[in-house]
Every structure is written in C-alpha cells, then in structure tokens.
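The primary structure of each chain is shown beneath.
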Amino acid sequence: MPWAQRAETSGLRVSDRYDIVVIGAGAAGEELAVRVAAQQRRVALVERELVGGECAYWACIPSKTLLRGAEVLAATRRAAGTEPARPMWRELARYRDYMIRGLDDTEQVESHRRKGIDVYRGDAAIRARGEVVVADKELRTEGIVIATGSEPSIPEIDGLAQNGFWTTREATTLSDLPASVAILGGGPVGVELAQFFARFGTTVTLIETGPRLVSGEDGRMGELIAEVLRDEGVDVSLGAHVTAVASDGLSRIVKFADRGRVSVSELVVAVGRRPRLPACDPEALGLLVTDAGVRVDARCRAADRIWAIGDVTGVMPFTHVAKYQARIAARHIAGERVAARYDAIPRVTFSDPELAAVGITERHAREQHLDVASACVDLSEAIARPSTYERE
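About the criteria used
- Residues numbered from 1 in each chain as written.
- Predicted model: local features only at pLDDT ≥ 70, side-chain atom pairs only at ≥ 80, totals over all residues.
- Heavy atoms only, no water.
- Salt bridge = Lys/Arg side-chain N within 4 Å of Asp/Glu carboxyl O.
- Helix = DSSP H or I, 4+ residues; strand = E, 2+ residues; numbered from the N terminus.
- Buried < 20%, exposed > 50% of the residue type's maximum accessible area, 1.4 Å probe, protein only.
- Core = buried A, V, L, I, M, F, W, Y, C linked by side-chain atoms within 4.5 Å.
- Contact = heavy atoms within 4.5 Å.
- Axes fitted to C-alpha atoms, helices over the stretch in contact; angles between N-to-C directions.
- Parallel < 35°, antiparallel > 145°, perpendicular 65-115°, else oblique.
- Left-handed = near helix turned anticlockwise from the far one by under 90°.
- Pairing = 2+ DSSP bridges.
- Phe/Tyr/Trp six-rings, centres within 6.5 Å; stacked < 30°, edge-to-face > 60°.
- Lys NZ or Arg CZ within 6 Å of the ring centre and 35° of its normal.
- Expected span 1.5 Å × (residues − 1).
- Arc of directions from axis to C-beta.

A.B. asks: It is not clear to me how the pattern of salt bridges should be interpreted in this structure. Could you clarify?
C.D. replies: Pairing of side chains with opposite charge becomes possible as their charged atoms draw close. Under the criterion given, the structure shown has 33 salt bridges. Across the pair E91 and R94 runs a salt bridge, and its minimum N-O distance is 2.5 Å. With a gap of three residues between them, E91 and R94 both fall in helix α5 (residues 89–99), about one helical turn apart. Salt-bridge contacts for R363 lead to E367; the nearest nitrogen and oxygen are separated by 3.2 Å. Linking R363 with E367, this pair stays in helix α13 (residues 362–367), spanning four residues, or about one helical turn. Among the residues examined, E367 registers a relative accessible area of 48% and is labelled partly exposed. One connected set of salt bridges, linked through shared partners, spans R78, R199, E232, D352 and E390.

A.B. asks: I tried to follow the nonpolar core on my own but got confused; where do I start?
C.D. replies: One recurring pattern in soluble globular proteins is that nonpolar side chains are buried together. Counting residues in hydrophobic clusters, the biggest one holds 32 residues, and the most contacted among them are I183, F196, F197 and L213. Of all the secondary-structure elements, those providing two or more residues to this core are α4 (60–78), α5, β8 (180–184), α9 (188–199), β9 (203–208) and α10 (219–231). At six residues, the largest contribution of residues to this core is made by α9. Beyond its immediate stretch of four places on either side in the chain, F196 contacts L66, L67, A70, W89, L92 and L177. In this structure, L45, A147, C300 and I333 belong to the second largest nonpolar core, which totals 27 residues.

A.B. asks: Could you clarify how one ought to interpret the packing of α4 against α9 in this entry?
C.D. replies: For any two helices packed against each other, the geometry comes down to the angle between their axes and how far apart the axes lie. Contact geometry of α4 with α9 gives a least axis separation of 9 Å together with a crossing angle of 55 degrees. Classified by the angle their axes make, α4 and α9 are oblique. Handedness of the α4/α9 crossing: left-handed. Contacts between α4 and α9 pair S63, K64, L66, L67, A70, E71, L73, A74, R77 and R78 from the former with E192, F196 and R199 from the latter.

A.B. asks: It is not clear to me how the sheet that holds strand β10 (residues 235–238) should be interpreted in this structure. Could you clarify?
C.D. replies: The strands that make up a sheet pair up through hydrogen bonds in the backbone, lying either parallel or antiparallel. Read across the open sheet, the four strands follow the order β10-β9-β8-β14; overall the sheet is parallel. Since the sheet does not close on itself, it has two edges, and those belong to β10 and β14 (266–269), each with one partner. Here the strands of the sheet are splayed against their neighbours by 15 degrees on average, with no regard to which way each runs. Bridge count for β8 against β14 is four bridges, and the pairing is parallel. The residue bridging A182 from the neighbouring strand is L267, located in β14.

A.B. asks: What should I look at first to understand the sheet that holds strand β11 (residues 242–247) in this one?
C.D. replies: Taken in spatial order, the three strands line up as β11-β12-β13 in an open sheet, and their pairing is antiparallel. Two strands close off the open sheet at either side, each with one partner strand: β11 and β13 (261–264). In this sheet, adjacent strand axes meet at a mean angle of 20 degrees when their direction is disregarded. Bridge count between β11 and strand β12 (residues 252–256): five bridges; the pairing is antiparallel. If you follow A246 over to β12, its bridge partner there is I253.

A.B. asks: Would you mind going over the packing of aromatic side chains with me for this structure?
C.D. replies: The geometry of two aromatic rings is summed up by the distance between their centres and the angle between their planes. All told, the structure shown has eight aromatic pairs when counted by the stated rule. Judged by centre distance (6.1 Å) and plane angle (75 degrees), the rings of W89 and F200 are edge-to-face. With W89 in helix α5 and F200 in the loop between α9 and β9, this residue pair connects regions lying 111 residues apart in the sequence. F200 matches W89 in its accessibility class, with the two residues each being buried. Ring geometry for F196 versus F200: centroids 5.5 Å apart, planes at 50 degrees, classification tilted. A relative accessible area of 2% places F196 in the buried class. These aromatic residues form a ring-pair network of at least three members: W89, F196, F197 and F200. When the ring centre of W58 is taken as origin, the NZ or CZ atom of R169, which lies over that ring, is 3.6 Å away.

A.B. asks: Before we go on, may I ask you to explain helix α12 (residues 319–333) in this structure?
C.D. replies: Helical geometry: 3.6 residues make up each α-helical turn, so side chains three or four residues apart lie on a common side. Compared with the 21 Å implied by 1.5 Å per residue over 15 residues, the 21 Å span of α12 between its first and last C-alpha is a close match. Within α12, the full set of buried residues consists of V321, A322, Q325, A326, I328, A329, A330, H332 and I333.

A.B. asks: Any chance you could explain the environment of P87 here in plain terms?
C.D. replies: Along the polypeptide, P87 turns up in the loop between α4 and α5. C-alpha of P87 to C-alpha of F200: the two residues are 113 residues apart in sequence and 6.5 Å apart in space. In this view, P87 contacts L73 and F200; residues no more than four positions away in its chain are not counted.

A.B. asks: In this structure, what is going on with the side chain of T167? I would like to understand it.
C.D. replies: You can see T167 is positioned in the loop between α7 (160–163) and α8 (168–172). The class for T167 is buried, based on a relative accessible area of 12%. Ignoring any residue separated from it by four or fewer positions in sequence, one finds T167 in contact with P152, I154, V268 and V269.

A.B. asks: Looking at this structure, how should I read the pairing of β10?
C.D. replies: For β9 and β10, the ladder comprises four bridges, and the chain directions are parallel. Among the inter-strand pairings, E208 is bridged to a residue of β10, identified as L238.

A.B. asks: So what exactly am I meant to see when it comes to helix α6 (residues 106–114) here?
C.D. replies: Here α6 has its buried residues at V109, S111 and H112. Looking down the long axis of α6, one finds its buried residues gathered within 160 degrees of arc, a one-sided arrangement. Exposed residues lying more than 90 degrees from the buried face of α6 are E107 and R114. Residues of α6 that are buried in the fold lie against α2 (27–37), β2 (43–47) and β3 (118–121). Downstream of α6 by a residue or two, G116 has a phi angle that is positive, lying close to 90 degrees.

Given below as structure tokens:
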C-alpha cells in the first residue's frame, strides 16, 4: 500500500517529509536538532513535556541554583570575620523560578522555529524506520534520533506508591520547605538534596542501602562527604533497608528492616534513573535494548537510520555526555567519520565540598587488571590555603 494511502486509511494527517525526526527535546535532542538544521536539513523535534528537558527545568538548573544559596549560607558560618547569614527561602525560590523560566518553554520553542526546526507536541511512537507518529500526525523521515532521556527508578517498597513520595522533580521545584525529609538514595543527587535541605533548616535522614555514599566514586570520597553531612546534622543511615512506608495522616513513616522507623513530612526517592523509550517495537526496528538503555555503536547508531543519544543510551547520565553524543551523531549524519570515546569524562557531585573525578575509579581500574598506582593527599595539611580560606 502506498505510504500516503496507508496514512489516510489510519486517520492520521500526513506531514511533509523530514530528513531527521528527533524524539525528545532535552539537552541531547536540542543540540542535535540545531546542528543538523545548520546542515540545511529539514528537522522535526518532538517533545511530550517541556522543550529543554529535565536538566533545564527539574534537574541541573534548579538544583544548582538551590545549592548555591545553601553554599553561601554555610560559608558565612565558616569564614572568619563573618556572621552567619539569614536564610531567605522565598527569595531563593523566586530566583529558582526565574532560572527555570516558570516552567514555560515558549521562548525555547520559538528559538527552534526561527532556526527552521518544526516542533511537535505529544508522545511519539516509532511505527517503522521512516515513520514517527505524534498526536494525529505521521511524520515521514529519512532518519530517526531517539533522545527520550530517562525517568526516576521507583523501588518496590510496600506502601510507597499508596502513601505518596517526591521524586527529584518535586524536590527541586518545591514551594515550601518541609519540616523534615527522608531521602532514599545516597548517590550524587541524594547527597546534594540532603545538604541543601539541612542547610535551610529541614531535619534530614539520608538512607543508603550500600556501605557508603556516592558508591560510584572512590571509597574515600563517600567517607568524606558522609562526615561532612553528619557534622551538618544529617542523619546518614548506611546499610539501611526500607521495608515499608506508611502514613498517619500527617507524616510518612519509613520502616526499616532492622533499625526501627522514622517519621517525616516528606519522602524523596532518589535511587537512580532508568531509560525511557518511545513506543516502538525494538526487535522490528533492529534495536538492542537492555536494562541499561539502547545499545549504540561508537557513532551513536542504534540501528539502520536510527541513532540514540543521551540518557536513553545508559552510557553516562550527564548533560555534557548527552551533548557530546549529539555532536557525534550530528557529524555522522553529515557523513563524517567520527567515533565517541568515554574514557576521560569529568563528573562532579555539587556538594560542599564538591566531589570531582575524571575517568574510571581505582576499583574499576583494578577490575580491568590495569597497573594502578594510588596516592591520597590531605591538602589541609599539605598547603596553607585551606587555613586562610576558612576556619575549618
């Protein structure tokens, strides 16, 4: 059946043909769409929520805005010659809202349209290699880029869904500070949120099932940040297993396997994220999908005329990696011979002090049977700068 006839019989309105349809308008999708449009190709950008994605509205931008205020509060308590600053939550919340544009992507959409990119709203479904359906439209295309990102992983805990919880979205766009909060997950996001809440006066319990925080980094980093958080009043619970969540109408009650319970105003789930795929038949498209995400080659190809970039690939959940993959894929679409490498990617947990790293950890290096030399230097003892900078 001819393509146009098939679309007509399905009740869909046929659009013009595109060179590339990008599904997902987060950091990766936007970067690729702009670069491919600059190649004088016709591009469609499909987004079901806000153009700009998780980083711009619910993750990187709001969280780092909140963390900056908390950092300055703590600095005035530590630096000689200063008095502790007064928290001004309403002022910070207003600035946070400004930074996330009041959850309004109008300006972002118009910017893409001025560049010649057609923006479509709605959930996308890949029906075949050259066909993407969104709302009542069927988009014909030479190539598809999957940039649908990731979503929070929610653990199966008795009573969790029934009694309600926050994800990082609610935690970074909150209007009122809770009196107390429990955070499930001691990774970078959990650590950042715990420190922010504690510094603005919320009683915080940080719950991690493993033996240390930020387990993806070298062990000493997790030990150091745990010491800092505890000094700031955070109840850091390591090796803690939550068995159930209940409610008494006013508070959420988090029950542990072997250490009683804690009653809190809010519960934040920050145990990680999982890839989010558009509706499709992966096998029919030739996609290899694992729990980690869509498998891609060094050119970010997932299948013939299909690329995948960003969190959905499960390579590394960082905005700068998403944009890097977008650049690789855009260059490959342009016909260049390129290959992505991930062996020297920098990463930061924006705690105070910050935890920064590049490349693999010592443990991962040893697991790969590499010849490893390691050293640990306490800069507070080795140089004078820390003592002149702060009293601690």
